[in-house]
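# Report on the structure
Below, each chain spelled out in residue letters.
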Amino acid sequence: MELGLYTFGDVHPQAPDGRGREGEERVRHLIEEIELADQVGLDVFGLGEHHRPDYVASAPAMILAAAAARTKNIKLTSAVTVLSSDDPVRVFQQFATLDLISNGRAEIMAGRGSFIESFPLFGYDLEDYDQLFSEKLDLLLAIRDGEKVTWSGEKRAPINGRGVYPRPVNDPLPVWIAVGGTPQSVARAGALGLPVALAIIGGEPARYAPLFDLYREAARRAGQDASKLKTSINVHGFIAETTEKAGDQFYGPQAEVMNRIGRERGWGPTSRAHFNQSIGPNGNLFLGDPDTVAEKIVRHQKIFKNDRFLLQMAIGLMPHDQIMRGIELYGTKVAPLVRAALAEEKKQAETA
């Protein structure tokens, strides 16, 4: 199982030091975080696209390209690319270029987007939300699968035998589908035989496990090769030397973000009591000391049989030094524990 991180590049919504200065610092810190994740042996780093004042990464491929030049092994992916409001030709070109810079480490995680700011920004109608994603995913896959493309749809001008360049080193360029728990989205990914990444930000994670069963069944019915199916769970959490310290450092920034978004979406406010429940064995937050987090990752891998685990630690205005320490513990303490436990389970299964 691959172990990694993802973030949205949070910045202060009001930018008291000025948006340019605030953005410069966060991008610089982001690249340092990706570089450290590579150095401590983590497998994947994802960066999400947003078009809001509280996130700096409206163009993830550019930040990932800067990080690619300073890393050697870690895979670099969007998390997510809001494909519905972008042009698949440019998405492919940007990530193929990232793949060349990184020597084959680029991936696309395509989603419809949980925020809607990009739709009016780029002139799209929200009433076309589903059709835009479906058509643009179809075009992206057509570009990925062949150098010369002939394609037509209703929401974009047709392409008649045109070439799309550059082509990636890692061909075909990996495309994951990001979902938030909608069965139809999970089934579509399975039917297409594409890897699926499930975001879990609330409730008991185990109750989402049937979605992966649905994914595999949809793939089977569509005649997809089961050996090519991949799954990821993407969750919130944090790692520190002690569980108490992890909770104290993470609660404030995470609660501020969840309450701010909650006011926009009509959620009720969170509380420390709710937070403490979420960090329990069955809660959605993977937070604590290295042993606690490793045990929770392993236990949920038994439930989900997932191929990838991505942790969002940098949420809100987390201090950079705390994020860096969390990444260090993740790579040097948590990852070895998880890998050893999974290797032992595999060995026991093979000898049973």
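Residues numbered from 1 in each chain as written. Predicted model: local features only at pLDDT ≥ 70, side-chain atom pairs only at ≥ 80, totals over all residues. Heavy atoms only, no water.

## Let's talk about the overall build of the chain
Helix and strand content of the chain: 11 helices and 12 strands. For the chain, whose C-alpha radius of gyration is 20 Å, the value lies close to the compact-globule estimate of 20 Å for 352 residues. By the burial criterion, 53% of the 352 residues in the chain qualify as buried. In the chain, 72% of the contacts between residues at least 6 apart in sequence involve partners at least 24 apart. (Helix = DSSP H or I, 4+ residues; strand = E, 2+ residues; numbered from the N terminus. Rg over C-alpha atoms; globule rule 2.2 N^0.38 Å. Buried < 20%, exposed > 50% of the residue type's maximum accessible area, 1.4 Å probe, protein only. Contact = heavy atoms within 4.5 Å.)

## Some thoughts on the side chain of E49
Tracing the backbone through its elements, the reader meets E49 in the loop between β2 (44-47) and α2 (60-68). This buried residue, E49, is left without a salt bridge; K136 holds the nearest opposite charge, at 9.9 Å. Reaching out from E49, the side chain makes a polar contact with the backbone nitrogen of V82 at a distance of 2.8 Å. When neighbours within four sequence positions are excluded, E49 is seen to be in contact with A57, S58, P60, V80, T81 and V82. (Lys, Arg positive; Asp, Glu negative; His and termini not counted. Salt bridge = Lys/Arg side-chain N within 4 Å of Asp/Glu carboxyl O. Polar contact = N/O pair within 3.5 Å; in protein donor to acceptor, adjacent residues only side chain to side chain.)

## Some remarks on helix α7 (residues 209-221)
In this model α7 runs 19 Å from its N-terminal to its C-terminal C-alpha over 13 residues, within 8% of the 18 Å that 1.5 Å per residue would give. Listed as buried for α7 are A209, L211, F212, Y215, A218 and A219. The secondary structure elements touched by the buried residues of α7 are α6 (183-192), β9 (196-200), β10 (231-239) and α10 (290-304). (Expected span 1.5 Å × (residues − 1).)

## Considering the nonpolar core
Ranked by internal contacts, the top residues of the largest apolar core, which has 103 residues, are L5, L42, F309, L311, I327 and Y330. Those residues in contact with F309, other than ones at most four positions away along the chain, are M1, E2, L3, G4, S232, I233, V235, F286, I297 and Y330. (Core = buried A, V, L, I, M, F, W, Y, C linked by side-chain atoms within 4.5 Å.)

## So, the pairing of β10
Burial of β10 is extensive: nine of the nine residues sit out of reach of the surface. Here β10 shows a buried face lined by T231, I233, V235, G237 and I239 and a second buried face lined by S232, N234, H236 and F238. Judged from the five bridges that link them, β9 and β10 form a sheet pairing that is parallel. Pairing of A197 across the sheet is with S232, part of β10. The pairing of β10 with strand β11 (residues 285-288) spans four bridges and is parallel. By the bridge assignment, I239 is partnered in β11 with G288. (Pairing = 2+ DSSP bridges.)

## Let's talk about the UniProt feature "domain: Luciferase-like" (unreviewed entry) in the chain
The feature "domain: Luciferase-like" (unreviewed entry), as given by UniProt, occupies residues 10-301 in the numbering adopted here. End-to-end, the C-alpha atoms of residues 10-301 are 28 Å apart, and along that stretch the chain is 45% helix and 16% strand. (UniProt positions renumbered as here; feature names shortened; annotations may be inferred.)

## Some remarks on the packing of helix α1 (residues 19-39) against α2
As a packed pair, α1 and α2 sit with axes 9 Å apart at the nearest point and diverge in direction by 50 degrees. It follows that α1 is oblique to α2 by the angle criterion. As for how α1 packs across α2, the hand of that crossing is right-handed. Contacts from V27, L30, I31 and I34 of α1 reach α2 at I63, L64, A66 and A67. Here the contact of α1 with α2 is built from residues that sort into eight nonpolar, no polar and no charged. (Axes fitted to C-alpha atoms, helices over the stretch in contact; angles between N-to-C directions. Parallel < 35°, antiparallel > 145°, perpendicular 65-115°, else oblique. Left-handed = near helix turned anticlockwise from the far one by under 90°. Nonpolar A, V, L, I, M, F, W, Y, C, P; charged D, E, K, R; others polar.)

## Describing the packing of helix α3 (residues 88-102) against helix α5 (residues 129-145)
The geometry of α3 relative to α5 is characterised by a closest axis approach of 9 Å and an angle of 45 degrees between their N-to-C directions. One finds that α3 runs oblique with respect to α5. Regarding α3 and α5, the two cross each other, and that crossing is right-handed. Where α3 approaches α5, its residues P88, V89, V91 and F92 are matched on the opposing element by K136, L139, L140, I143 and R144.

## A few points about the packing of aromatic side chains
What describes a pair of aromatic rings is the distance from one ring centre to the other and the angle between the planes of the rings. Counted according to the given criterion, the structure contains nine aromatic pairs. Aromatic side chains F119 and Y129 sit 5.5 Å apart centroid to centroid with 35 degrees between the ring planes, which places their arrangement in the tilted category. Of this pair, F119 sits in helix α4 (residues 118-121) while Y129 sits in helix α5, and the two are 10 residues apart along the sequence. For F119, a relative accessible area of 0% puts it in the buried group. Note on F250 and F275: the rings are 6.4 Å apart at their centroids and 35 degrees apart in plane angle, and the pair reads as tilted. With F250 in helix α8 (residues 243-265) and F275 in helix α9 (residues 272-278), the pair connects residues that are 25 residues apart, well separated along the chain. Since its relative accessible area comes to 2%, F275 is described here as buried. Connected via pairs of aromatic rings, a cluster forms that spans Y6, F8, Y55 and F115. Directly above the ring of F115 sits R265, whose terminal nitrogen or CZ lies 4.6 Å from the centroid. Sitting over the ring of F286, K296 keeps its end group 5.0 Å from the ring centre. (Phe/Tyr/Trp six-rings, centres within 6.5 Å; stacked < 30°, edge-to-face > 60°. Lys NZ or Arg CZ within 6 Å of the ring centre and 35° of its normal.)

## Describing unusual backbone geometry
Cis peptide bonds are those with omega within 30 degrees of zero, and the linkage from A79 to V80 qualifies with 15 degrees. The step from D171 to P172 runs through a cis peptide bond, and the omega angle for that step is 10 degrees. By secondary structure assignment, the location of P172 is in the loop between β7 (159-163) and β8 (175-179).

## Some points on α8
Of all the bends in α8, the greatest, near 35 degrees, is centred on Y251, and the proline P253 appears no more than four residues after it. In the stretch just after α8, G266 is the one whose phi turns positive, near 85 degrees. (Bend = angle between axes of the 7 residues up to and from the residue.)

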